[in-house]
Amino acid sequence: MSQVKILVIDDDIGMTELLALLLAPASPDILTANSGKVGVELARKYSPDIIILDLMMPEMNGWTACKRIRELSNTPILILTAM
């Protein structure tokens, strides 16, 4: 059985590191991005099984990143935000 690939996109480096640490027991294959643009690129390149996405980010916010990812795939996206 292959490992689940999880992509975490959040501009807060502390949050991406914390989520990667917390999710490590469930899946050793965790990718992190600290901007929407990089997150979309990683989603395109690695086709994760699930994406955890923050909405409030500079440059490309989570809404825009979500729309761009939807153009590429139907990967489930979990929105995690302080909003």
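Residues numbered from 1 in each chain as written. Predicted model: local features only at pLDDT ≥ 70, side-chain atom pairs only at ≥ 80, totals over all residues. Heavy atoms only, no water.

### Description of the overall build of the protein
Thought 1: Broken down by element type, the protein carries three helices and four strands.
Thought 2: Counting from the amino terminus, the protein carries its helices and strands in the arrangement β-α-β-α-β-α-β.
Thought 3: Scaling as 2.2 N^0.38, a compact globule of 83 residues should have a C-alpha radius of gyration of about 12 Å, and the protein matches this with 12 Å.
Thought 4: The principal-axis extents of the C-alpha atoms in the protein amount to approximately 35 × 25 × 20 Å.
Thought 5: By residue count, 35% of the 83 residues in the protein fall in the buried class.
Thought 6: Of the contacts formed within the protein by residues at least 6 apart in sequence, a portion of 63% connects residues at least 24 apart.
Thought 7: Accessible surface, the protein: about 5100 Å² in total, of which carbon and sulfur atoms supply 58%. (Helix = DSSP H or I, 4+ residues; strand = E, 2+ residues; numbered from the N terminus. Rg over C-alpha atoms; globule rule 2.2 N^0.38 Å. Buried < 20%, exposed > 50% of the residue type's maximum accessible area, 1.4 Å probe, protein only. Contact = heavy atoms within 4.5 Å. Areas by Shrake-Rupley, 256 points an atom, 1.4 Å probe, with all protein chains shown as cover.)

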